[in-house]
Amino acid sequence: MCGLAGFLRTSTTPNRDAHRQWLEHMGQAIVHRGPDAGGTYQNDEIGLVHRRLSILDLSEAGNQPMASPSGRYLIVYNGEIYNYRSIRAELEAEGYRFTTGTDTEVLLALYEHKGQRCLDDLNGMFAFAIWDTRSKELFLARDRLGKKPLYYYQADGQFAFASEIKALSALPFLKKDIRPDAIKDFFAYQYIPDPKTIYRSVHKLSPGHWLKTDGIRTEIGQYWDLSFADPSTASPDELEAGLYDLIDDAVRLRMISDVPLGAFLSGGVDSSAVVGLMAGHSSQPVTTCAIGFDSKRFDEVAWAKKVAGLFDTNHHEFTVRENVPGSLTDIARYFDEPFADPSFVPTFFVSQLARQKVTVALAGDGGDENFAGYSKYHTDSIENRLRNLFPAALRRRFFPPLAQLAGGINSPLSRRANSLLNTLAMEPDQGFFTSNCFFRPSLWNDLVHGELKRETDDYDPADITRQHYRNADTDDHLAKILYTDIKTYLPGDILVKVDRMSMANSLETRAPLLDYRVVEYAANIPSAMKLNGREKKYILKKAFEKMLPEEVLYRKKMGFSVPLAQWLRHELFELADGVFATDEGGLAQCFDMNKVRRLWKNHQHGRDENTQELWSMVAFELWWRAYHS
């Protein structure tokens, strides 16, 4: 895995010596993504920098920037093309000759052969930039699902790009004007959905998209989307067999490596299936790593150990205890913008553990989004069935006042009734957003103040969810919310978390369940075979019944959760209390801190209904202190 960055030179930028320093600073900012080698290129039009984590062909011949044999194209690339060997064979049949064993050289040749149509042939995770020395155009592209990050800056005639915002921050012309609606998005979603970032002039290139620019004219296009329009009519047995074989092939492809390789193992269905398939393709014991907590409610290491024993893996464990507060500030810096999924903490530590043993780790990410594995999907199905029992006009007229009555009673049951009645009054897309919003609009309206309040009063973060929900090419409700999560939660939260925390430890992670062939296959499986009554990921579990024991397949899902309420009262109390005690900093510019402190006091007295909101405020302030204090 690697890091890349660069900028287009303009008449307003200084001389080459200054540019060389810019490139060095950009590369140094992302050295954790590629500690093995670094390289730069610059001419009168462009500057490119690359940091390399060597995975294939460890020789210097694989270093970047890499030029095509003709010299016309130069590439900086982050990722892995898993089918590069078959592409290479096809290109060799066309007369191409290769001098390295890298997928970088194959990707560059494929682009020279097909241009942007090369994207249709790639099976992998990638973000890359190719400079055309003849047309003086820069081409950027990002993989279908957004496993690898790619940011770009465009303002006042300047254009730059990078794997992480911190590399862009090394440029003296970068403007860091904060985007108010992105702050509101962050508190609603706990991350900032693409293509936005926290800054007005910095953008994410969305998954499945390409960008072409000469520095003046910029064109963006989409080359891939996920379709749910054609549910399969195959029998359950046929679908299960096809799914098993496809995931098995995805695992096989992701075991190609010239460096030590292992896997994350939680003991859940997804990671256990990946490890089991890896064991079938390996002549040596698979190296597995698991993370635990000093809390039985959240600790899954016993299940991971059971699966490790089943496949005779070389197993390693780490328990998150007192190491949280001392590490949190440093870990949070890797995100560059506000990010509040608390599972980034164990993800960092399991990546740190894995990196001591391997350079590449396979993971089970993607199973929940593809096969309806989260509890929220079952909850939503109940709400939607209830919603369909009542005419829309009746729901809109009578449920909100009933919700208000329930909300006036201070008890957990009445709070749940208030939430349910409000949700049932809404349309399905709005209901899904509201049920899964991490910062209640009523609380936001009570806390927000000043310029942020004025600038965001007319903005609703739910617009993002509604737009994706309506873009799905199906009338099936579950399919529409899976599509929405694959377009938002997966690339904005899950894949950001895994990329930043693994790259912070110079570890490459690969996700077989996010092979685009698996994702497309899953999209064609009828929803009833994903969420079957109360059983989540039904078809995935059926497909692996011959490999995994029933107690692993059908145990209650714990997820990669953390004891957040406990942390805020104990391990993280001092840090959080310091955040809430001051009227200085970024949080105080957003919220009325006297009201925030009342919420914090209630939490210390055992009221947990605002745990996630308080945590997100801590996360926001940690980001602010790292980048704006």
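The shown structure was predicted, so the numbers you read here are calculated from the model rather than taken from an experiment.

Asks: Sorry if this is basic, but what is going on with the sheet that holds strand E16 (residues 360–362) here?
Replies: Each strand in a sheet pairs with its neighbour through backbone hydrogen bonds, running either in the same direction (parallel) or in the opposite one (antiparallel). Read from one edge of the open sheet, five strands run E15-E14-E13-E16-E17, paired in parallel fashion. Looking along the sheet, the strands with just one partner apiece sit at the ends: strand E15 (314–320) and strand E17 (508–510). Across the sheet, the mean angle from the axis of one strand to that of its neighbour is 30 degrees, orientation sign disregarded. Here three bridges tie E16 to E17, and the two strands are oriented parallel to one another. Residue pairing for E17: leucine 362 is matched across the bridge by arginine 510.

Asks: Mind showing me how you'd approach the environment of tryptophan 22 here?
Replies: By secondary structure assignment, the location of tryptophan 22 is in helix H1 (residues 16–29). Take tryptophan 22: its relative accessible area is 10%, and that puts it in the buried class. Residues tryptophan 22 and leucine 168, 146 residues apart in the sequence, show an inter-C-alpha distance of 9.6 Å.

Asks: I keep staring at the sheet that holds strand E3 (residues 46–52) and nothing clicks. Help me out?
Replies: Across the sheet, which stays open at both edges, the six strands sit in the order E2-E3-E1-E9-E8-E10 with antiparallel pairing between neighbours. Edge positions in the sheet fall to strand E2 (37–42) and strand E10 (202–204), since each of these pairs with one other strand and no more. Each adjacent strand pair in this sheet contributes to an overall mean axis angle of 15 degrees, direction not counted. With six bridges joining them, E2 and E3 adopt antiparallel strand pairing. Looking at the pairing, alanine 37 lines up with arginine 52 of E3.

Asks: How should I be thinking about a nonpolar patch on the surface in this particular structure?
Replies: On the surface, a cluster of nonpolar side chains totalling about 580 Å² of accessible area is made up of Leu389, Phe390, Leu394, Phe398, Leu402 and Leu405. By the element assignment, leucine 405 lies in helix H13 (residues 392–407).

Asks: Whenever I open this one, unusual backbone geometry confuses me. Can you help?
Replies: Leaving glycine out, the prevailing phi sign among residues is negative, and the prevailing peptide bond configuration is trans. Looking along the chain, the bond that leaves glutamine 64 and enters proline 65 is cis, with omega of 0 degrees. For proline 65, the location among the structural elements is in the loop between E3 and strand E4 (66–67). Residue proline 195 follows aspartate 194 across a cis peptide bond; omega there is 5 degrees. Within the secondary structure layout, proline 195 lies in the loop between helix H5 (180–189) and E10. For lysine 136, which is not a glycine, the phi torsion comes out positive at approximately 60 degrees. Looking at the secondary structure, you find lysine 136 in the loop between strand E6 (124–132) and strand E7 (137–142). Not every positive phi belongs to a glycine, and glutamine 190 is a case in point at roughly 80 degrees.

Asks: Help me understand empty space enclosed by the protein in this model?
Replies: If a probe as big as a water molecule is rolled over the atoms, it shows which places are left empty. All told, the structure shown has eight cavities of 30 Å³ or more when counted by the stated rule. Together, 15 residues line the largest cavity, and Cys2, Arg52, Leu53, Asp103 and Thr104 are the ones closest to its centre. Looking at the lining of the largest cavity element by element, the count peaks at three residues for strand E5 (residues 73–81). Across the lining of the largest cavity, the residue classes break down as six nonpolar, six polar and three charged. When its volume is computed, the second largest cavity comes out at roughly 90 Å³. Lining the second largest cavity are Met125, Lys147, Lys148, Asp365, Leu495, Val498, Asp499, Thr509, Arg510 and Ala511. Elements represented by at least two residues in the lining of the second largest cavity include exactly helix H20 (489–503) and E17. Partitioned by chemical class, the residues of the lining of the second largest cavity number four nonpolar, one polar and five charged.

What counts as what
Residues numbered from 1 in each chain as written. Predicted model: local features only at pLDDT ≥ 70, side-chain atom pairs only at ≥ 80, totals over all residues. Heavy atoms only, no water. Pairing = 2+ DSSP bridges. Helix = DSSP H or I, 4+ residues; strand = E, 2+ residues; numbered from the N terminus. Axes fitted to C-alpha atoms, helices over the stretch in contact; angles between N-to-C directions. Buried < 20%, exposed > 50% of the residue type's maximum accessible area, 1.4 Å probe, protein only. Patch = residues over 30% accessible without salt bridge, like charges linked within 9 Å, V, L, I, M, F, W, Y side chains within 5 Å. Areas by Shrake-Rupley, 256 points an atom, 1.4 Å probe, with all protein chains shown as cover. Salt bridge = Lys/Arg side-chain N within 4 Å of Asp/Glu carboxyl O. 1 Å grid on protein atoms, 1.4 Å probe; cavity = no way out; pocket = protein on both sides within 12 Å on 5 of 7 lines; lining within 4 Å. Points joined across faces, edges and corners; volume = space filled by probe spheres on them. Nonpolar A, V, L, I, M, F, W, Y, C, P; charged D, E, K, R; others polar.

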